[in-house]
Structure formats: C-alpha cells, structure tokens
Amino acid sequence: MDKYREPVITDCEEILGRFHATESVRFEQFLAIWKDMDFSSIFHGNPEPKERRDFARLVLSVVSPYLFSPYTFQIRVGGLYLLYGLFNTQLCTPREKIRIALKDWQDVMQLQQDAVNAQHYDVVYILKKLLSDKALHFTAMPTPLFFRMKKEDGRGRKFCEEFFDPPSRTQDLITTDMIEELANVHDHYENLKKAVFTEPDPNLNLVQQNPVPKIKCALLTQSNWQKNHAEFEQEDAGEGPSNQECSRRAQLLASIKSKSYGQVMEASKSRRHRQAQLVSAADADHTQKTSPKNNKIQSLKKRTQIRLKIQENKSVGLTNATRLWCLSAVKEESAAGKKKTFNWNAKKESDAM
C-alpha cells in the first residue's frame, strides 16, 4: 500500500489548496470543491475487501496530520472536513476509524475552542458529529508500531509550506499564563517594598514600572512587523524585475565603471616620475586581448643573450656620454712639471762685480 501514499498526498494537497484559496472556513465551500473533484471516488479502485480496508486506513493516516498544528487554522478546518467526508464515504464495513494520539487531543480541543470564539459553529458541529458516530480511535501513538519494524519505512513526506503558519518564537515563548504570572510577581514585589519602607526610595526602583503592558505592546509591534514583512516578500516574489529596471541597472553599472576608469589619483612628490595615464575602457580591453598570454617561454640561452646585448648597449651609451675635461689646472701642472735649474754662472758674475 505504500505505492499509493504519494498519489494520495498529492490529491489531499490539491483539495486543501483549493479550499485555502477560497479564504473561508465554511463547510459549504468545502462541499462544493469535494463534489467538483468527485473526491469520494478515491475508494473505488480496490475491489477486494482486504485491500479496501488497508487503503482506507492509509488514506485516513495521511489526512489526519492536517488536523493538528503547525498548520494554519483554515488548513486544520479543511483537514477536519476531509476526515469527515472520507469516514462517511469509505466502502469497507465496519468503517475504519480515525487514529488520534492522546498527546494530539489537546490540539483538537484548542481548535474547537478557537472555532467557538470565532463563531464558526459548522466546525464545532462536524467535530461533535465525528464524536457521536464514534469515528475517533484514541491511541497511544499516531501510527501503529510493530516488532522489529525498520526505522525508515519510506513514510517520510515533504510538507507543503503554504499550509504552515509563519514561525513566531516570541509568541511561543511569552504566553498568557507567563504574562499573568509576571504581573503577580511584580505586584508582590511592589507590596513588599511598601511594607519594608514607609517612604518611597528612588534607589530601590531597580525594575521598570508596569512591565506587562510594555511587553504586550512589544509583542503587538513585532507581530505587525512580521505580517508586513511576509506580505512584502510575497509581493517581491510575485513581481519580478521588469526589462526597464534591468536596463536601468545595466546603464548605472556602465556609468560607474566609466567613472572608475576616468578618475586618476594624484601622485605624491616621491612618485612624480611615475605619473599615471588615463586609459579608456576600449584600450584596456584591447591591451587585455593583446597580452602575450599564449607566447612560449624563451630558453635560458636566448634570455642571457638578450640580457648581454642590453648591457653592452648601456656601456656604449655611457662611454659616449662621458667627456674629458681640459682644465687649466692640468696645463699648469704640466708646465710646473719642468723644474728650473740653478744658474751658477750668473751668481759668480754678480760676486765678481
């Protein structure tokens, strides 16, 4: 019977999805969808009595989780209507009952209380009718357990996210009972301060005054923000970006890119010999395309020859650039190099005179 599980889940999600689209919890709306889909013919495929009972048990076990949280109130009501219709249209006798675990019964009672508070009396009537027909079978576990049963028997399924309530951790954490308890504790704390001190002391005001109304206001603000945020996400998901917005975005990116290529930072004084030059986007693309990425690596011999040629050219340029300066000091040194000899004859002539 496991081969029928996925088709049954698909059919149940379809009827519940159509009921969810009506945005109503009236039984007449669900009955119109039931008749339009001819959902009662789901039991007409198995002629054997044994297979009929197994298939009825399978269908009821697939639909029963829609009756509990965390599904929305409308989906839970739709699951209740669907269980009522399937229980009354099954072909096996006696009828197969709906398994409900004791731990899940509190959710059913909370659903009934919410329906009474909202004056949805057709929901209350359907639930009372199931109880009077003894259609509910209270058990310890939602599914039957067998000896040496495998842990993964292929019954895991993917839940439809549209049927779930948006998660609200704050509301789950801060309940009405907790708020009432907090109010009682705060009142007891204030009474103790008054009993101990006759005159009010500002140094003892360690706790904010009236914390319960402030917490309620914060919860209301957070829930409103969550609803608005969910609606905004749905609008964004429904309305994709148009072609005009895409073209505007492309133009904006192109303008930003052109500005970034056009701007040149002023170089510092120590780097004035490395002035940056403006390069357009087309030139940059051209240089990138003509970059020698695919050139082969030259051999070591060829690289050394090129390096030696460059060094020779540099040495020749240096020799041509240098000049010999003919200074006057050089001539004087050359003239001074010839020493004058002492003339003894001239001295003798002066002595004789």
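This structure is a prediction, so every number in the text was calculated from the model and none was measured.

## Observations regarding the overall build of the protein
At step 1: Secondary structure summary: the protein contains 14 helices and two strands in total.
At step 2: Split into buried and exposed, the 353 residues of the protein put 22% on the buried side.
At step 3: Look at the contacts in the protein between residues 6 or more apart in sequence, and 72% of them connect residues 24 or more apart.
At step 4: Carbon together with sulfur atoms contributes 55% to the accessible area of the protein, which is approximately 28,000 Å² in total.

## Section: the environment of S64
At step 1: Positionally, S64 belongs in the loop between helix 3 (49-63) and helix 4 (73-89).
At step 2: Residue S64 is classed as buried on the basis of its relative accessible area, which comes to 10%.
At step 3: Sequence separation between S64 and I98 is 34 residues; the distance between their C-alpha atoms is 7.4 Å.
At step 4: A distance of 3.3 Å separates the side chain of S64 from the backbone oxygen of S61, its partner in a polar contact.

## Points about the packing of helix 5 (residues 105-117) against helix 6 (residues 121-132)
At step 1: Here helix 5 crosses helix 6 at 140°, and the two axes come no closer than 9 Å. Taken together, the axes of helix 5 and helix 6 lie oblique to each other. Listed contacts from helix 6 to W105, V108, Q112, A115 and V116 of helix 5 are V123, V124, L127, K128 and L131.
At step 2: For the contact of helix 5 with helix 6, the class distribution of residues is eight nonpolar, one polar and one charged.

## What about helix 3?
At step 1: The end-to-end C-alpha distance of helix 3 is 21 Å, a good match for the 21 Å that 15 residues give at a rise of 1.5 Å each.
At step 2: Of the positions making up helix 3, those classed as buried are D54, F55, A56, L58, V59, L60, V62 and V63.
At step 3: Buried-residue contacts for helix 3 involve helix 1 (5-21), helix 4 and strand 1 (98-101).

## Quick notes on the nonpolar core
At step 1: Counting residues in hydrophobic clusters, the biggest one holds 46 residues, and the most contacted among them are C12, I15, F39, L67, L82 and L86.
At step 2: Only helix 1, helix 2 (27-37), helix 3, helix 4, strand 1, helix 5 and helix 6 provide two or more residues apiece to this core.
At step 3: The element contributing the most residues to this core is helix 4, with nine residues.
At step 4: In this view, L82 contacts C12, I15, F30, W34, F39 and V63; residues no more than four positions away in its chain are not counted.

## Describing the pattern of salt bridges
At step 1: Under the definition given, this model contains nine salt bridges.
At step 2: We note a salt bridge from K129 to D133, for which the minimum N-O separation is 3.0 Å.
At step 3: For D133, a relative accessible area of 31% puts it in the partly exposed group.
At step 4: By sharing partners, the salt bridges in this structure join K50, R53, D54, R57 and E96 into a single network.

## Topic: the side chain of E96
At step 1: Secondary-structure assignment places E96 in the loop between helix 4 and strand 1.
At step 2: Here the side chain of E96 touches R53 through a polar contact of 3.0 Å, side chain to side chain.
At step 3: Contacts of E96, omitting those with residues within four sequence positions, involve R53, A56, R57, L60, F87 and Q90.

## Focus on the confidence of the model for the protein
At step 1: When pLDDT is averaged along the protein, the result is 75; 64% of the residues meet or exceed 70.
At step 2: In the model, residues 237-241 has pLDDT below 50 throughout and makes one contact with residues more than four positions away in sequence or in other chains.
At step 3: Low confidence marks residues 289-293, where pLDDT is under 50. Its contacts with residues over four positions away, or in another chain, come to zero contacts.

## Some points on unusual backbone geometry
At step 1: In this structure, P70 follows S69 across a cis peptide bond, with omega equal to 15°.
At step 2: Tracing the chain through its elements places P70 in the loop between helix 3 and helix 4.
At step 3: T93 connects to P94 through a cis peptide bond whose omega is -5°.
At step 4: Position of P94 among the secondary structure elements: in the loop between helix 4 and strand 1.

## A look at empty space enclosed by the protein
Regions of empty space are outlined by a rolling probe, equal in size to a water molecule, passed over the atoms.
At step 1: One pass over the structure, following the stated rule, counts one cavity of 30 Å³ or more.
At step 2: Roughly 70 Å³ of internal volume is contained in the largest cavity.
At step 3: The wall of the largest cavity is formed by R57, L60, S61, S64, E96, K97, I98, R99 and P142.
At step 4: Among the elements of the structure, helix 3 and strand 1 are those that each provide at least two residues to the lining of the largest cavity.
At step 5: For the lining of the largest cavity, the element with the highest residue contribution is helix 3, accounting for three residues.
At step 6: In terms of residue class, the lining of the largest cavity is made up of three nonpolar, two polar and four charged.

## Focus on the environment of K214
At step 1: Within the secondary structure, K214 is located in helix 9 (residues 211-238).
At step 2: Other than its neighbours up to four places away in sequence, K214 contacts Q208 and Q209.

The rules behind these values
Residues numbered from 1 in each chain as written. Predicted model: local features only at pLDDT ≥ 70, side-chain atom pairs only at ≥ 80, totals over all residues. Heavy atoms only, no water. Helix = DSSP H or I, 4+ residues; strand = E, 2+ residues; numbered from the N terminus. Buried < 20%, exposed > 50% of the residue type's maximum accessible area, 1.4 Å probe, protein only. Contact = heavy atoms within 4.5 Å. Areas by Shrake-Rupley, 256 points an atom, 1.4 Å probe, with all protein chains shown as cover. Polar contact = N/O pair within 3.5 Å; in protein donor to acceptor, adjacent residues only side chain to side chain. Axes fitted to C-alpha atoms, helices over the stretch in contact; angles between N-to-C directions. Parallel < 35°, antiparallel > 145°, perpendicular 65-115°, else oblique. Nonpolar A, V, L, I, M, F, W, Y, C, P; charged D, E, K, R; others polar. Expected span 1.5 Å × (residues − 1). Core = buried A, V, L, I, M, F, W, Y, C linked by side-chain atoms within 4.5 Å. Salt bridge = Lys/Arg side-chain N within 4 Å of Asp/Glu carboxyl O. pLDDT = per-residue confidence, 0-100. 1 Å grid on protein atoms, 1.4 Å probe; cavity = no way out; pocket = protein on both sides within 12 Å on 5 of 7 lines; lining within 4 Å. Points joined across faces, edges and corners; volume = space filled by probe spheres on them.

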